[in-house]
Amino acid sequence: MKVLLADEYGFCFGVDRAVDMVEDAVGAGDTVRTLGPLIHNEQEMLRLGEKGVTTVSDPVQIQHNETAVIRAHGVTPQVQKELKEKASKVVDATCPFVTRVQRLAARAAAEDRHVIVVGSPEHPEMIGVKGYAPDHSFIIKDETEVAGLPRLRRPLVVSQTTIKAQTFFDTAEAIKEKTDDEVQVINTICSATRDRQDAARALAGMVDVFYIIGATHSSNSVKLHAVCSEQCEKSFLIETEHDIDPKDLVGAEQVGVTAGASTPGWLIDKVVKRLEHLGKEIANDHSLS
Ligand code: SF4
């Protein structure tokens, strides 16, 4: 039984960078507190917890001798200021792709233009971006919400980094009806999610069983599972190597593996090792077949 990994899988650039920054702060002897969970992966949070990293939900919970971490989603300028006032040090792990959206919003607002961000208003990344253009921005989910917008002044349209490209372009097109001015459209979607889906789709057609490693509440992992299921009937979303049922592997010649953007490399290694081990066991143990 051969275990094949998708060409792109696991930690995206922004999450990888955020985890590295936290590890560096821990290595420097800091008491590290992240504002909100650093990553949507329980196992990785437990690993960081063992190194003393804890999570707070509000800047007021941070002590003066502690290091505060802003996670990859970013925060509003107001929250950033509060963190600077409370903590001894602030580690800003905002993903540079998110920083770009924040800067574009701030610049357009400074020019007294309207900013329309296509995304989920309740998503932490969107709450942070809105803080950069509080009186000039609107966050809408898709084109169905364009009708609710007022007349727009020299609008800039940008996107949450993780939305579907089609949703963004359809919404940007619909926004043209809301203004007499030119609409500036800047696609700020990050390719990490799409790259992982494309790679998983390419591999799913070649394998007998597919494992997607990620949390059931991680939306990009759930999407990966859906993409793989289209091509490979036996596609399973698992959190750890313990979720593998050996019976699913009986008769399989090729097994595919991918992982969501919040799944750490060490967890992926464990799954691959377990699959390789099970492959050998099944080959030697006919009671499973
Ligand atoms: S998905 Fe993209 S934008 Fe979001 S943290 Fe990862 S690299 Fe950054």
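Reading the values: rules and limits
- Chains are numbered independently. Their residues run from 1 in the order of the written sequence.
- A pLDDT threshold of at least 70 governs which residues receive local features in this predicted model, and a stricter bar of 80 or more applies before side-chain atom pairs are shown or counted, although totals over entire chains, interfaces and linings include all residues.
- For every domain, the bounds stem from an assignment made automatically or drawn from a database.
- A pair of strands is labelled paired if DSSP reports no fewer than 2 bridges between them.
- Per the convention used, a helix needs a DSSP run of H or I reaching at least four residues, while a strand needs a run of E reaching at least two, with both numbered from the N terminus.
- Lines fitted to C-alpha atoms define the axes, with helix axes restricted to the stretch in contact, and inter-axis angles between N-to-C directions lie between 0 and 180 degrees.
- Throughout, a residue-residue contact means that the two C-beta atoms, derived from backbone geometry, are no farther apart than 7 Å.
- In this scheme, a helix's expected span is set at 1.5 Å multiplied by one less than its residue total.
- Whether a residue is near a molecule or strand depends on its C-beta atom, generated from backbone atoms, being within 6 Å of that molecule or strand.
- Field definition: a residue is buried when 20 or more other C-beta atoms are found within 10 Å of its C-beta, exposed when 12 or fewer are, and partly exposed for counts in between, with C-beta atoms placed from the backbone.
- By definition, the crossover connecting two strands over a helix is right-handed if that path, from the first strand to the second, turns clockwise as seen with the strands pointing away from the viewer.
- Arc, as used here, means the arc of the directions from the helix axis to the C-beta atoms.

1. A short note on the domain arrangement of the protein chain
Then, in step 1: Per the domain assignment, the segments making up the protein chain are domain 1 (2-10 + 191-288), domain 2 (13-94) and domain 3 (97-185).
Then, in step 2: Domain 1 and domain 3 are separated by 36 Å when their C-alpha centres are compared.

2. Digging into the sheet that holds strand β12 (residues 254-259)
Then, in step 1: As summarised here, the arrangement of the four strands in space is β1-β12-β10-β11, forming an open sheet in which the pairing is parallel. For this open sheet the edge positions go to β1 (2-5) and β11 (235-238), each flanked by a neighbour on one side alone. Strand-to-strand, the axes of this sheet are offset by a mean angle of 25°, without reference to chain direction.
Then, in step 2: Examined bridge by bridge, β1 and β12 share four bridges and lie parallel to one another. From the neighbouring strand, Val3 faces β12, where its bridge partner is Val255.
Then, in step 3: Packing of helix α7 (residues 192-204) onto the sheet brings it into contact with β1, β10 (209-213), β11 and β12, and relative to β12 it is tilted by some 170°.

3. Things to note about α7
Because an α-helix completes one turn every 3.6 residues, residues spaced three or four positions apart along the sequence face the same direction.
Then, in step 1: Its 13 residues give α7 an end-to-end C-alpha distance of 18 Å, which sits within 8% of 18 Å, the value for a rise of 1.5 Å per residue.
Then, in step 2: Considering only its buried residues, α7 is in contact with β1, α1 (13-27), β10, α8 (219-231), β11 and β12.

4. Topic: the site of the ligand
Then, in step 1: Residues in close proximity to the ligand total 13 residues, the closest being Cys12, Gly14, Cys95, Thr161 and Cys190.
Then, in step 2: Mapped onto the shell around the ligand, the elements with two or more residues apiece are α1 and α4 (96-110).
Then, in step 3: Top contributing element to the shell around the ligand by residue count: α1, with three residues.
Then, in step 4: Among the domains, domain 2 (13-94) and domain 3 (97-185) are the pair contributing at least three residues each to the shell around the ligand.

5. What about the sheet that holds strand β2 (residues 32-35)?
Then, in step 1: The four strands are arranged β3-β2-β4-β5 in an open sheet whose pairing can be described as parallel. Of all the strands in the sheet, the pair left with one neighbour each is β3 (54-56) and β5 (89-92). For this sheet, the mean inter-axis angle between neighbouring strands, taken without regard to orientation, is 30°.
Then, in step 2: Direction of pairing for strand β4 (residues 67-70) relative to β5: parallel, over a ladder of four bridges. Residue pairing across strands places Thr67 opposite Lys89, the latter belonging to β5.

6. Brief notes about the environment of Lys141
Then, in step 1: Considering the arrangement of structural elements, one finds Lys141 in the loop between β7 (137-140) and β8 (156-159).
Then, in step 2: Judged by local crowding, Lys141 falls into the partly exposed class, with 14 C-beta atoms found within 10 Å.
Then, in step 3: When the C-alpha atoms of Lys141 and Gln63 are compared, they prove to be 37 Å apart, with 78 residues separating the residues in sequence.

7. Things to note about the pairing of β11
Then, in step 1: Here β11 shows a clear split, with Ser235 and Leu237 buried on one side and none of Phe236 and Ile238 buried on the other.
Then, in step 2: Bridge count between β10 and β11: four bridges; the pairing is parallel. Bridge assignment links Tyr211 to a residue of β11, and that residue is Phe236.
Then, in step 3: As a crossover connection, the stretch from β10 through α8 into β11 is right-handed.

8. Things to note about α8
Then, in step 1: With 13 residues, α8 extends 19 Å from end C-alpha to end C-alpha; this agrees with the ideal 18 Å at 1.5 Å per step.
Then, in step 2: Residues Asn220, Ser221, Leu224, His225, Val227 and Cys228 constitute the buried set of α8. What you see down the axis of α8 is that its buried residues fit within an arc of 165°, all on one side.
Then, in step 3: In the core, the buried residues of α8 are packed alongside α7, β10, β11 and β12.

9. Some words on the environment of Leu224
Then, in step 1: Relative to the helices and strands, Leu224 resides in helix α8.
Then, in step 2: Here Leu224 falls in the buried class, since 31 other C-beta atoms lie within 10 Å of it.
Then, in step 3: Counting along the chain gives eleven residues from Leu224 to Ser235, while the straight-line C-alpha distance between them is 9.9 Å.
Then, in step 4: Filtering out sequence-adjacent residues up to four positions away, Leu224 remains in contact with Arg196, Gln197, Ala200, Ile212, Gly214, Thr258 and Gly260.

10. Concerning the environment of Glu42
Then, in step 1: For Glu42, the position within the fold is in helix α2 (residues 42-50).
Then, in step 2: Each C-alpha atom of the pair Glu42 and Glu239 lies 8.9 Å from the other, and the pair is 197 residues apart in sequence.

11. Considering the pairing of β4
Then, in step 1: Residues Thr67 and Val69 line one face of β4 and the alternating positions Ala68 and Ile70 line the opposite face, and both faces are buried.
Then, in step 2: Where β2 lies against β4, three bridges are found, and the strand directions are parallel. Within β4, the position partnered with Arg33 by the bridge is Ala68.
Then, in step 3: For the crossover that starts at β4, traverses helix α3 (residues 77-86) and ends in the parallel β5, the hand is right-handed.

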